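# Descriptive structure summary
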Amino acid sequence: MRKKYITRVGGRSKMTPGQLLPLLLLVIHASYCAAVAESDVSLALNKDYVGKNILPDLSEISLDSVPESHRNAAEQFKALWEEHLTGVKDYDVVKDIPFTLIVPDKIDRVALEGNEPRAREFLLEHVIPGALMEMKPRNVYGNMNQHPVGVNLTCVNMLMGYVLRYMVNQETKYATRHNVSDSLTMVFIEGNLTENKAFNTNKLNKRNIQENNRYNEPQRLEMKNATKELAANKENRIGQQLMNFLASMKSGTKVFQHFLSNSNLSQLVDDGSYMVLIPSDTAFQRWHPIDWGFYPFSVQEFTESVLRNHFIKVGLPLRMADLRGASGEQKFKTLGGEYVVLRGKPTPTANNVSIIYDYTLSNRIEVFVISEVLFVSEAVVSKLHQMHKDKETPPLLAFPWFGAQFLSHSFLALERDNRFTQITRFLNTAEIAQFISGSNYTFFVPTDEAFERYSFDILPDNVLASEKGVKLLLNHFIKGRLYDRDLKDGEVLETIGGTPVKIHRTFDNNVTVNSARIVESEVFVYNLGTMFYVNDVLYPELLKAEVTALTEMKNTDKNIPEDTGDVFTTEPNQVEPSSSTTHRTAFYTTSADVEIVPLEFTEQNGSEDDVLLQDDEIITPKALPVKYYYSPKK
């Protein structure tokens, strides 16, 4: 039981200054605790490093210098670190950036055993990047999970004069700070930072949602303060009844019904009274592109926000008769936070949009079917389009490759950019449409400088169209549409050409594919796929021998014409010239397993009128080897 220390002066109770101080400190402390609870990571002292995929190097740390009372906790923490974070993908180990490790004395190894994501989440919750955490009141830092970690001296310690008891994330801990090196500090606490929290790896933080949301699927609206059982009951009482009504409508509201059935909105409404404004099918059709273009309702999160602004919770639903009889306007707030103004005269409208007809349902729901979708305008759709170019549907192209729409649209886009004259020549020459049919691809596009670095720009078209040339080109395509966030450090992707490429991403988000650095990310080819522009050719060694052979041949005989004709690869075959013919042979083939019967062009005595063509050659379908002859200039 608390004791009251009150001094009575003049018949009234009066507290002494010594008694007022604790209350004042308690008020200050309580206000600060609330501030820490609502603090944002953007206010953290180390905000410049929060969100970067960097980790400290713990391999050379000796725990002998750690105080004996905390050594066991440090050893457990380091062991867990070595098991789950040493050599982990997506993170760079750095030595020149300060870190603070918050070492808990309570680690439930049983709960973390066999659960890799949860173990990593637990460890990252206790890592402060970019700062040596100081145990000073009001300091706020961001951890690796982008959660604020607040430090505060508790009121009890203020009164007693101690400085070792601190407030960390609103949970009282005894904290001891120990400097391991110039760039690493350990703070030992009682308990851990995940106590009294719903620490569940099924509930991912924003950062993990981005990492796991591989194909940009929009997140469903979260259901607040409701269990699955309650949600099911609500859906049966309200949402399901509304859906039953829409299903009974033979025409006119099918689009709204479709969007509502694919949303979580029915789980968000409670057991109250509602007015529901339902745009007609024609209202939605206005925003649908005729042949191709951007359809705003292909963006699910936008669609759900629009739906929410068509639901109005009211104490008593407004009937059409009441609306017509009202002389003025009535203003209501939607579930999405927008305002709807209803007028009954001269005709019933909602935000100046005509109300076509109404229905009264048995469960206190009034339905108004309206002629337009509310809160959607050309300006809104234009801005949404800029944010979601990957949702735009393309026009159907009959050329260059009717059955390869991604390849065709990519080619036309690159053809308009003077940085990509070499890759467009390559695409136009090599027959790869059969391998890149349809859509859903990722294309790493080398710039002209990349091709010129290896002198590929001097190679004739036939070399590019050879088996090796096709393979080199296919090594730049990935089956599946990838976004920038999908290119994770250390990940290996298999190309259409069958050769793997490895991704490397630094903590400052510089991304390379093998040795090629991405210079421009997420160039969306409508909703067909994605291009990434790179500054190097992937696996250039496939055609280096052809460049070497062509260069050596030109250096050997200065009289070799610039247009060397059909030159392939690296296996020269010398042909004995006849006495009546002066010729030199440059003969190359693309693969050792191709049977070669050469096609001979013979110039009799150097006369172009005596060309004989023997067309009985036998070749495999893999490539077309070619022999050509020329007469040296006299």
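No experiment lies behind these values; they were computed from the predicted model shown.

With that settled, the discussion passes to the overall build of the protein. The helix and strand inventory of the protein stands at 19 helices and 30 strands. Here the protein, with 634 residues, has 46% of them falling under the buried criterion. For the protein, restricting intrachain contacts to residue pairs at least 6 apart in sequence, the fraction spanning at least 24 positions comes to 65%. As presented, the protein carries roughly 33400 Å² of accessible surface, and 50% of it is formed by carbon and sulfur atoms.

The topology assignment puts Thr185 in strand β12 (residues 184-189). The class of Thr185 is buried, set by a relative accessible area of 0%. Among all residues touching Thr185, those that are not within four sequence positions of it are Phe99, Thr100, Leu101, Leu132, Arg177, His178, Asn179 and Val180.

For strand β15 (residues 329-333) and strand β16 (residues 339-343), the ladder comprises five bridges, and the chain directions are antiparallel. Each residue of the ladder has a partner; that of Glu329, found in β16, is Arg343. In textbook terms, the turn of a hairpin is the stretch between consecutive antiparallel strands, and for β15 and β16 this stretch comprises five residues, one of which, Gly337, has a positive phi near 95 degrees. Inspection of the sheet shows β16 paired to strand β17 (residues 349-350) by two bridges, in the antiparallel sense. In the strand pairing of β17, Arg343 is matched with Thr349. Counted between consecutive antiparallel strands, the loop separating β16 from β17 contains five residues.

Next up on the list: the sheet that holds β16. Spatially, β14-β13-β19-β18-β17-β16-β15 is the arrangement adopted by the seven strands of the open sheet, whose pairing is mixed. Each having just a single partner strand, β14 (311-314) and β15 make up the two edges of the open sheet. Against the sheet, helix α8 (residues 254-261) touches β13 (273-279) and β14, its axis set at about 120 degrees to β13.

Another point: the sheet that holds strand β22 (residues 492-494). An order of β21-β20-β26-β25-β24-β23-β22 is seen for the seven strands of this open sheet, with the pairing classed as mixed. Both outer strands of the open sheet, β21 (477-479) and β22, are each paired with one neighbouring strand and no more. Across the sheet, the mean angle from the axis of one strand to that of its neighbour is 30 degrees, orientation sign disregarded. Of the pairings in the sheet, the one linking strand β23 (residues 500-505) to strand β24 (residues 511-513) comprises three bridges and is antiparallel in character. What sits directly across from Arg505, in β24, is Val511. In the packing of helix α14 (residues 405-415) onto the sheet, contacts are made with β20 (441-446), β21, β25 (516-525) and β26 (529-534), and the angle to β26 comes to roughly 40 degrees.

Inspection of the entire model under this criterion finds 18 aromatic pairs. When the ring of Phe444 is compared with that of Phe532, the centres are 5.8 Å apart and the planes differ by 35 degrees; the resulting orientation is tilted. Taken as a pair, Phe444 in strand β20 and Phe532 in strand β26 lie far apart in primary sequence, 88 residues in all. Each member of the aromatic cluster is reached from another via a ring pair, and the members are Phe259, Phe284, Tyr295, Phe297 and Phe302. Taking the ring centre of Tyr49 as reference, the NZ or CZ of Lys52 above it sits at 5.5 Å.

Our next topic: the packing of helix α15 (residues 421-429) against helix α18 (residues 467-474). In the contact formed by α15 and α18, the axes pass within 11 Å of each other and the chain directions differ by 125 degrees. Comparing the axis directions of α15 and α18 gives the class oblique. As for how α15 packs across α18, the hand of that crossing is left-handed. In this structure, α15 contributes Ile423, Phe426 and Leu427 to the contact, and α18 contributes Gly469, Leu472 and Leu473.

Time to look at the pattern of salt bridges. All chains considered together, the criterion is met by nine salt bridges. In this structure, Glu329 engages Arg343 in a salt bridge whose closest nitrogen and oxygen atoms are separated by 2.6 Å. Of this pair, Glu329 sits in strand β15 while Arg343 sits in strand β16; the two residues are 14 residues apart in sequence, bridging distant segments of the chain. Note that Asp536 is salt-bridged to Arg453, the shortest N-O span being 3.2 Å.

What follows covers the environment of Lys391. In this fold, Lys391 is placed in the loop between α13 (378-387) and α14. Each C-alpha atom, one on Lys391 and one on Asn527, is 5.0 Å from the other, the two residues being 136 residues apart in sequence.

In this structure, Ile423, Leu427 and Ile432 are the most contacted members of the largest nonpolar core, which totals 41 residues. Of all the elements, α14 adds the most residues to this core, at five residues. Ile432 has contacts with Leu407, Leu427, Val470, Leu473, Leu474 and Phe477, leaving out every residue within four places of it along the chain. Counting residues in hydrophobic clusters, the runner-up holds 31 residues, among them Phe256, Val276, Val373 and Leu384.

Attention now moves to the packing of helix α2 (residues 68-84) against helix α4 (residues 116-125). When two helices pack together, you describe them by how their axes are tilted relative to each other and by the distance separating the axes. Relative to each other, α2 and α4 sit at 130 degrees, their axes nearing to 10 Å. In terms of their interaxial angle, α2 and α4 are classed as oblique. Viewed along their axes, α2 and α4 form a crossing whose handedness is left-handed. Residue-level inspection shows Phe77, Leu80, Trp81, Glu83 and His84 of α2 in contact with α4, the latter providing Glu116, Ala119, Arg120, Phe122 and Leu123. Within the contact of α2 with α4, the residues separate by chemical class into six nonpolar, one polar and three charged.

A few words now on unusual backbone geometry. The omega angle of the peptide bond from Lys345 to Pro346 is 5 degrees, so this bond is cis rather than trans. Following the sequence through the fold, Pro346 ends up in the loop between β16 and β17. In this structure, Pro400 follows Phe399 across a cis peptide bond, with omega equal to -10 degrees. In this fold, Pro400 is placed in the loop between α13 and α14. The residue Gln146 is not glycine, and still its phi comes out positive at about 60 degrees. Summarising the element assignment, Gln146 is placed in the loop between β7 (139-142) and β8 (148-153). On the basis of relative accessible area, Gln146 is assigned to the partly exposed category, the value being 33%. One non-glycine residue, Tyr526, lies in positive phi territory at about 50 degrees. Within the secondary structure, Tyr526 is located in the loop between β25 and β26.

The subject of this paragraph is the confidence of the model for the protein. A low pLDDT score tells you not to read the predicted coordinates there in detail. Per-residue confidence for the protein gives a mean pLDDT of 76; residues scoring 70 or more make up 70%. Segment residues 1-13 is flagged for pLDDT under 50; beyond a separation of four residues in sequence, or across chains, it makes 10 contacts in the model.

Turning next to α15. Here α15 has its buried residues at Gln422, Ile423, Thr424, Phe426, Leu427 and Thr429. Residues of α15 that are buried in the fold lie against α14, β20, α16 (448-453), α17 (461-464), α18 and β21.

By secondary structure assignment, the location of Phe122 is in helix α4. Overall, the relative accessible area of 4% leaves Phe122 in the buried class. In sequence terms Phe122 and Leu80 are 42 residues apart; their C-alpha atoms lie 9.9 Å from each other.

Procedures and definitions
- Residues numbered from 1 in each chain as written.
- Predicted model: local features only at pLDDT ≥ 70, side-chain atom pairs only at ≥ 80, totals over all residues.
- Heavy atoms only, no water.
- Helix = DSSP H or I, 4+ residues; strand = E, 2+ residues; numbered from the N terminus.
- Buried < 20%, exposed > 50% of the residue type's maximum accessible area, 1.4 Å probe, protein only.
- Contact = heavy atoms within 4.5 Å.
- Areas by Shrake-Rupley, 256 points an atom, 1.4 Å probe, with all protein chains shown as cover.
- Pairing = 2+ DSSP bridges.
- Axes fitted to C-alpha atoms, helices over the stretch in contact; angles between N-to-C directions.
- Phe/Tyr/Trp six-rings, centres within 6.5 Å; stacked < 30°, edge-to-face > 60°.
- Lys NZ or Arg CZ within 6 Å of the ring centre and 35° of its normal.
- Parallel < 35°, antiparallel > 145°, perpendicular 65-115°, else oblique.
- Left-handed = near helix turned anticlockwise from the far one by under 90°.
- Salt bridge = Lys/Arg side-chain N within 4 Å of Asp/Glu carboxyl O.
- Core = buried A, V, L, I, M, F, W, Y, C linked by side-chain atoms within 4.5 Å.
- Nonpolar A, V, L, I, M, F, W, Y, C, P; charged D, E, K, R; others polar.
- pLDDT = per-residue confidence, 0-100.

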